[in-house]
Structure formats: structure tokens, C-alpha cells
Amino acid sequence: MKFAYTNERMRVLDAQTIEAGTSSLVLMERAGKALADRVCAVMREKGIGDVLFVCGGGNNGGDGFVAARYVREGGYDADVICLAQKFSPDCAVQKEKFGACMGRIPRRRYALIVDCLFGTGLTRAIEGDGANLVSFINQSGAYVIACDVPSGLAEGGVALDPCVRADETLTIGQLKEALLLADGADMAGKIRVADIGIAGDRGTEVWEGDDVKQFFPKRKSHTNKGDYGAAAILAGNAFSGAAFLSAGACLKSGAGYTNLYASEELYPCAVGKLPAVILRRFQRIDESLSGADCIALGMGMGADEDLYGLTQKLLAEYRGTLLIDADALNVLACYGADALKEKKCRVVLTPHPKEFSRLCGKSTAEILRGGTENARRFAAEYGVTLVLKNNRTIITDGKRTAIIAAGSPALAKGGSGDVLAGYLAGTVARGVPLFDAACCACYVVGRAGEIAAERMGEYAPDAQDIVNFLPAVMRTL
């Protein structure tokens, strides 16, 4: 499994490495050499004869000066532009070793530009000469390699304006969370990690296909539906499509039973819609509902006081795993999230950033800037597992945190969240531990979105298409 780190955590790991006896200049030499190796490889692959390094005055710029020196020693033409007036001590040393560099933006064109302007410490937008250099890089038409992170990309993957758009990023030491989250997924391009001897610890887990496979073991032949649990879907009072999408996804999850509890209004529409679903009229919390291993609540139900009362009742009386989504999240935000603290069941919440904004009282901008931290704090405070849905989903129970490395703009359609809720409910019901189940479900649905985009383009797929592509993902697992 891979791990990713916040910028703040990387500074700590870097300091620990230096305290253990590896000097900062040695680390810079290693980083610059790794960057030079990658630059030379790209030049060979693309038949490029010269390269421009755009360096700042900090340690990111120092990495660039080292790399430019090694590229020259390798027999290639390497130019450097640096408009900085102040330099970190290590950068000043490496600039002196490199020699003369350009003091203004060149008019000539380069096929390859390496961004070494700013590293991971940015908290405000780039201005002045730095902003001009970012614009120069983005308008150059060159192949762009970013060193560590694209200049202008802040914590949480938020792209400040301006921000370098790289074709690839060579991140130094360990993988950075910012490259995976929010805008980072668009600005970083292909991500490579340069190992320079900075030891990591157990950071944020990055789940990929190989991490998910263990939760899809081959089934024994002597088995039956009772071995794989029962999921219950409470959805669709106001919008019937949500109920059918959730139940349809749950049917694909491997759960033994998928129960759809329909209101009196929904029931006639639901008859025969999904023949494999056990269709029940929902009037109250009865024995059949209480016996479900996981209940998914809230999709398309309409956010009213009755739903809040039902949510409170399930939190207080149910003993399985309660998945709270969509309108059930909205009523918690409206009438009181403290009901979560009175729960008797395991709880997983599946908000998108706007829903999470209502729950935690922070703006969506604050949530994005916070990366994984706001989600982690909320999950720890309320004792829940939180699935914060975005282009790269964050999952945390307050102790473990994961980023799911799967997803596609094809999922940016109404109903995709209903698909995830149903599939996750079934995954929990079949016995996968809650945190792991959330990671598996988000990965499978994310990959289904990717496959849908590959086959249909990013615009055309709808939520039912995502359901239809779930088996294609599961076959690979």
C-alpha cells in the first residue's frame, strides 16, 4: 500500500532525516539528481535537445539548480531562469555551483520546461515576477515537469491563481496528499515519487486495485445467500430513481439479500422494477429491518422533520451499521448532528463537500483547503466513519484515513451518490469491516466511472451506466 502526507507532515519527516545525520545539502543533491535523471529520460524519449529550468529562491529552486547542473554534465543544454532576489542558504550554494542564469523571461521557445519555482509551503497566491513566470510556463506549449508539486498548488490540492499545469510531477521524498486531492489531480499530471532517503511512517493510505483485491476472495462452492448478509435500502419517498439506483447497485455488491423498503406512494412504482430485490412496504422499524446487517438511509427521501425523527430512532435503536446519505445528512445538519453522539449502532456518513459544509459549519473552500484534516477531526469527534466524496474521495474513522485513487468526471451526474450508497451498504452487509468496505466501495464505483468514460466518453454516462459497469470492475478483483 502507498501512503501520502500533508505538507506539514513532510516538513517534520524532512527535519527528522536531517537530525538523524543526513544534511539538507545532501538531500538537495539527491533530489536534484533524481530530477535530472527524469528530465534526461524525457529528453531521450521525446528527442529533445535542450531544457529550461525555472527556479525560485527557495529549496525547490535549489533542487532545480542541482538538476540543471547534472543535466549539463550529461551532455544536454540546460538553461536556468531565476528572477528571485533572496535565496535560502542551500539554494544560494547550489546557484553558485551552477553558475550564470537568465535574469529575464526568454523569448525563445523550449520543448521542455521544468518548474522549480515554489515547493509545498505556499499559502497565498503567487504575485509579481513569480506570477509572470507561471504564466510563461503555462503558455509555452512545452512539456512541463513540476518538481515536488506544481507551483501554486496548496495544501488540500487547492490550485491558487495562477498555478502551473504540469504534464508530470516528480514529487520528492514521499507522495503528497495535495497531488491527489481536488485540483491536484488536474494540475499534477502523471505522478512519480523520487526516493531520497526520507523515511515515511503510516500516513494517509492510498487505495488502489491491489489493496482492494483481498476483500474479494474466491467463494467456496458450499455456500448460500445467508452467508453474505442482508442490506436494507430506505430511499425514494420524494425521488423514486434514487431508490432504484441504490437497490440496483446493492444487488451487484455480493450481499446475500437486498431489501428495498418503499413508502406507500413509492410501492406501486417499485413492483416488478427490480425483480431480484425483496420489496417491502415501510411503515415502521420492524423485525425485518432491525435484522439487516446494514441500512442505507436518506437517498431521495426529502429533507423533512419526519426523516429526522426516523434517523434519530434508528441511531438510538438499531444495532447494525447505519449508512446516512443525502437527505438524511441534510436533516442532521438542519435539526442537529448531535444525534450522532447518542447512537447505538455503527455509522457511516457519505457527504459531498457541500453536505459536509452544512454538517460541520465550515465553508466548502475551508473544507477543500483542509485536505484530510477536517474530515478526520469530524469523524473522531462523532465516532463515525466519514466518506467525503469528491473527485478523489477521503475516508476516515478518525484513526485511519485513506484517499481512493479512482474516479472520473463521468460520475458528476445526479444519482452517482445513490449508486455508491447502495453498493457500500451491500459491501458492509456481506461482512467487510466498515472502513475497508468504504474504501472498497469507493474504489469500485470510481473505477466503474473510469470504465464508463473510456467506453462512452465523460459526458454521456448516467448513474445507471455506472451500475452496469460495476461487474466489469469486480471481475478484475
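Located above this text is the structure these notes cover.
Computed from a prediction, not measured in an experiment: that's the story for all the values here.

Caption draft 1: Inspection of the packing of helix α16 (residues 416–429) against helix α18 (residues 463–476) at higher detail. It is the contact of α16 with α18, at a shortest axis distance of 9 Å, that shows an interaxial angle of 40 degrees. In this view, α16 runs oblique relative to α18, as classed from their interaxial angle. Here α16 and α18 pass one another in a crossing that is right-handed. Residues Ser-416, Val-419 and Tyr-423 of α16 pack against Ala-463, Ile-466, Val-467, Leu-470 and Met-474 of α18. Residue composition of the contact of α16 with α18, grouped by class: seven nonpolar, one polar and no charged.

Caption draft 2: Quick look at the packing of aromatic side chains. What the rule picks out here adds up to six aromatic pairs. Arranged with centres 5.9 Å apart and planes meeting at 20 degrees, the rings of Trp-207 and Phe-215 form a pair that is stacked. Ring geometry for Tyr-261 versus Phe-282: centroids 6.4 Å apart, planes at 85 degrees, classification edge-to-face. Here Tyr-261 is found in strand β11 (residues 257–262), whereas its partner Phe-282 is found in the loop between β12 (278–281) and α10 (287–290), with 21 residues between them in sequence. For Tyr-261, a relative accessible area of 3% puts it in the buried group. Aromatic ring contacts, followed pair by pair, group Phe-356, Phe-378 and Tyr-382 into a single cluster. Looking at Lys-46, its charged tip hangs above the ring of Tyr-143, at a distance of 4.5 Å from the centre. Looking at Arg-69, its charged tip hangs above the ring of Tyr-70, at a distance of 5.2 Å from the centre.

Basis of the calculations
- Residues numbered from 1 in each chain as written.
- Predicted model: local features only at pLDDT ≥ 70, side-chain atom pairs only at ≥ 80, totals over all residues.
- Heavy atoms only, no water.
- Axes fitted to C-alpha atoms, helices over the stretch in contact; angles between N-to-C directions.
- Helix = DSSP H or I, 4+ residues; strand = E, 2+ residues; numbered from the N terminus.
- Parallel < 35°, antiparallel > 145°, perpendicular 65-115°, else oblique.
- Left-handed = near helix turned anticlockwise from the far one by under 90°.
- Contact = heavy atoms within 4.5 Å.
- Nonpolar A, V, L, I, M, F, W, Y, C, P; charged D, E, K, R; others polar.
- Phe/Tyr/Trp six-rings, centres within 6.5 Å; stacked < 30°, edge-to-face > 60°.
- Buried < 20%, exposed > 50% of the residue type's maximum accessible area, 1.4 Å probe, protein only.
- Lys NZ or Arg CZ within 6 Å of the ring centre and 35° of its normal.

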